[in-house]
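# Architecture and fold: a report
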Amino acid sequence: VRYGTFNCPNVDGTSLVYTGYAAGTHFTHTGGGVGPICLPDPKKLSVQDPDEIMPGFQNLGRLYGSEYETDAITPLNHVHNLDVPCTVCLVSGRTTKITIPGRTSCPSGWTQEYKGFLMSGHHAHQSPTEFVCMDEELEVFRGSGINANGQLFYTVEIAHDSHLCAPFGCNGKEVACV
């Protein structure tokens, strides 16, 4: 799954499974999934008919669209509050995949699929999220930007009061990923 793009890498043996919408738990909720997930095109999404189960919302698990929260990051502020796309790609011949935080290239013997920014929810929000590697060429859904504040993606920095400062530095730079 590639977050922040509509495209698969242009590599032999790579095929597009589907493109979709990044979604997850609302940033203020204390429960629910830890996502994100990549929802396919709504025309191809199978859902149970609420009339067959119980009409109305039952206040169970909920999915919200994802947005970039990048207003404070100059090279990324043009995508602030816009909706996050995702793409599921199949790369034939690959049996192992890893995300390496803090790197922009792969170790010898590994094939780079893409690189970008390490992103997650805000450190002070109630709903925890996974760290994801967001494609460096951040794409958005045209016409998005209503600032619905569902699941939010922020760039990640090394904390100032962390023992990680010595080896990595605490200079406010965003963490890369590959």
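Quick summary incoming for the structure in this document. (Residues numbered from 1 in each chain as written. Predicted model: local features only at pLDDT ≥ 70, side-chain atom pairs only at ≥ 80, totals over all residues. Heavy atoms only, no water.)

What follows concerns the overall build of the chain. The helix and strand tally for the chain stands at two helices and nine strands. When the helices and strands of the chain are listed from N to C terminus, the series reads β-β-β-α-β-β-β-β-β-α-β. Here the chain has a C-alpha radius of gyration of 18 Å; the compact-globule value for 178 residues is 16 Å, and the two agree. Structurally, the chain occupies a C-alpha span of about 55 × 45 × 30 Å along its principal axes. The burial tally for the chain puts 34% of its 178 residues in the buried class. Carbon together with sulfur atoms contributes 53% to the accessible area of the chain, which is approximately 11100 Å² in total. (Helix = DSSP H or I, 4+ residues; strand = E, 2+ residues; numbered from the N terminus. Rg over C-alpha atoms; globule rule 2.2 N^0.38 Å. Buried < 20%, exposed > 50% of the residue type's maximum accessible area, 1.4 Å probe, protein only. Areas by Shrake-Rupley, 256 points an atom, 1.4 Å probe, with all protein chains shown as cover.)

With that out of the way, let us pick up unusual backbone geometry. Here the amide bond leading from glycine 35 into proline 36 is cis, since omega sits at 10°, within 30 degrees of zero. The backbone of asparagine 81 shows a phi angle near 70°, a positive value even though the residue is not glycine. Given the relative accessible area of 13%, asparagine 81 is considered buried. Backbone geometry at asparagine 147 places phi at a positive 55°, although glycine is not the residue there. Looking at the element boundaries, asparagine 147 is found in the loop between β7 (132-135) and β8 (151-155). Judged by its relative accessible area of 35%, asparagine 147 is partly exposed.

Take the environment of leucine 90 next. Topologically, leucine 90 is positioned in strand β5 (residues 85-91). Measuring from C-alpha to C-alpha, the distance between leucine 90 and leucine 16 comes to 6.3 Å, with 74 residues separating the pair along the chain. If near-sequence neighbours (up to four positions away) are discounted, leucine 90 is found in contact with Gly13, Thr14, Ser15 and Val17. (Contact = heavy atoms within 4.5 Å.)

As a further point, take the side chain of threonine 87. Examined against the element boundaries, threonine 87 turns out to sit in strand β5. Among the polar contacts listed, one links the side chain of threonine 87 to the backbone oxygen of phenylalanine 6, at a separation of 3.2 Å. (Polar contact = N/O pair within 3.5 Å; in protein donor to acceptor, adjacent residues only side chain to side chain.)

That's the geometry; what it means functionally is another story.
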